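The residues making up each chain are set out below.
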Amino acid sequence: MSKRKKKWSTYKKSLVIFTVLLLIGGEFVLIYVNNSLKLFEKSDIDNYLNSLLADIKSSSQKGNIDKYFELSDVSSDYEKKSSLEKGYKELLKDAELSYKKTDNKNVYDLYADDNLIATVTLDDSKLEKRLGLLTFNVWEIDKVESYNDEGLYAFDIYVNSDYQVYINDNKINDKELVGTEDIEGYEDAYEYVSLPKLNHYKISGLTSKPEVVIKDKDGKKITAEYKDKAYYANDYYHTDSLDDAFKKLAHKDFDPLKWAENWSLFLTADLPGERWGFYKLSPNLIEGTTMYKRAYSWATQIDIQFTSVHELDKETFTNEKVSNITVYNNQAFSVEIYLEKHMTLSDGQKKTDALHDMFYYAYYDDAYRLISMKSVTEE
């Protein structure tokens, strides 16, 4: 009986050992299959890049972003201590990370929100064969080009020339000034009237998001508009009301809509007076400017005599609208004017001429003078 038990015990032991070996072998197979499926899943480029972005963010928060990005030696007059490591941690903490394929094979741009932070080139030369059925690429990083030689933050600033700009409580350096521009529409006016210009600054080399403060000539803080990586700041007054606009202007005895009507009549040879009515317009022009030359040329050249023969309708002007007024200082303003002029041609055909322009005025020599006008394009 004892011998039988001993033999049975040996059998059980063998069975247990065999079962354990089967379980181990099965576990190994399951692990191998699972790993194979994970590798196959990562072979999908979208999965790989999303995993890469997640690890980049994780690395930035752990302080080892140099695992992916080479950290340049940068410094700025507007930071006490520049640190790309700290800057990446701040930038990537709450940013939405994304990627876009470039025109080059296996090359992708990486973004944090709208900021291009790197370009990664991938190597797909390695092939993996698994389970006798799967053959797929194994993605690996070939190289990463990080854009931090000039810090992580770069932007432009456009402000009136008499404004003061501060970055992190430091007054902006003149070396950042890359250009000074005339106010659009007033290029011909600066010789005659006092107007601010527009200073253009370029800022780079910052590793942390800066605080930008802009003050006017009286030290009043100006709210800046930020778009497309640029700050825009001025204290121009915007309104659709002429009455409100003239409250900001030093001189009020002027009707820009009436002047626009006269200009429309002048263009079709309907403005009465010598030289086709030119001298009704000239008191509100500055001799020598482009606008003056344009009007004088039309009044004195033969083309004006070849306008279509017509009569003005009794209700000559309709649908008149004055809007989009900008007051630049107490001597200058621009205004958008729309109107329709109705005529009957000699053959009885009705014709409507529409005028839709932005008019730029400045007060000079006791009158508002038209500096320029630009056609408004409908969007």
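Structure first, text after, so check above.
By convention here, each chain's residues receive numbers from 1 onward along its written sequence. Only residues with pLDDT of 70 or above have their local features reported here, since the model is predicted, and side-chain atom pairs are shown and tallied only from 80 upward, although totals for entire chains, interfaces and linings are computed over all residues. With hydrogens and water stripped out, all remaining heavy atoms of the structure feed into the side-chain values.

Chemist: Honestly, the overall build of the chain in this entry has me stumped. Any pointers?
Modeler: The helix and strand labels rest on DSSP assignments: H or I over at least four residues marks a helix, E over at least two residues marks a strand, and numbering proceeds from the N terminus. Assigned secondary structure in the chain consists of seven helices and 18 strands. Looking at the chain residue by residue over its 379 residues, the buried ones come to 41%. The Shrake-Rupley method, run with a 1.4 Å probe sphere, supplies the accessible areas, and residue values consider only the shown protein chains as cover. Accessible surface, the chain: about 23,000 Å² in total, of which carbon and sulfur atoms supply 48%. Only protein chains enter the area calculation, which uses a 1.4 Å probe; residues under 20% of their type maximum are buried, those over 50% are exposed, and those in between are partly exposed.

Chemist: What am I meant to see in the sheet that holds strand S18 (residues 367-375) here?
Modeler: By way of backbone hydrogen bonds, the strands of a sheet pair with one another, either parallel or antiparallel. In short, DSSP must find at least two bridges between two strands for them to pair. Reading across from one edge, S14-S15-S16-S17-S18 is the order of the five strands in this open sheet, with antiparallel pairing throughout. Strands at the two margins of the open sheet, each flanked by one partner only, are strand S14 (237-239) and S18. With strand direction ignored, the average angle separating the axes of adjacent strands in the sheet is 30°. Bridging between strand S16 (residues 332-345) and strand S17 (residues 350-364) involves 13 bridges; their strand directions are antiparallel. By the bridge assignment, histidine 342 is partnered in S17 with threonine 352. Throughout, a residue-residue contact means that at least one pair of heavy atoms, one from each residue, lies within 4.5 Å. In this analysis an axis means a line fitted to C-alpha atoms, helices contributing only their contacting stretch, and an angle means the value between N-to-C directions, from 0 to 180 degrees. The strands touched by helix H5 (residues 256-267) are strand S15 (310-329), S16, S17 and S18; relative to S16, the strand with the most contacts, the crossing angle is about 45°.

Chemist: Which parts of the structure should I look at to understand the packing of aromatic side chains?
Modeler: The geometry of an aromatic ring pair comes down to the distance between the two centres and the angle between the two planes. Under the pairing criterion, centres of Phe, Tyr and Trp rings, with the six-membered ring standing for Trp, must be within 6.5 Å; the plane angle then separates stacked pairs below 30 degrees from edge-to-face pairs above 60, leaving the rest tilted. Throughout the structure, instances matching the rule amount to 24 aromatic pairs. With centroids separated by 6.3 Å and ring planes inclined at 70°, the aromatic side chains of phenylalanine 246 and tyrosine 368 adopt a geometry described as edge-to-face. Of this pair, phenylalanine 246 sits in helix H4 (residues 242-248) while tyrosine 368 sits in strand S18; the two residues are 122 residues apart in sequence, bridging distant segments of the chain. Of the two residues, phenylalanine 246 and tyrosine 368, both sit in the buried class. Seen from their ring centres, phenylalanine 359 and tyrosine 361 are 6.4 Å apart, and the 10° between their planes marks the pair as stacked. By relative accessible area, phenylalanine 359 is classed as buried at 0%. One aromatic cluster is present, built from ring pairs that chain together Phe246, Phe254, Trp259, Trp263, Phe266, Phe333, Phe359, Tyr361, Tyr363 and Tyr368. Geometrically, a lysine NZ or arginine CZ counts as sitting over a ring once it is within 6 Å of the ring centre and also within 35 degrees of the ring normal. Against the face of tyrosine 111 rests lysine 100, its NZ or CZ located 5.3 Å from the ring centre. Above the ring of tyrosine 190, the side-chain terminus of lysine 197 is found at 5.0 Å from the ring centroid.

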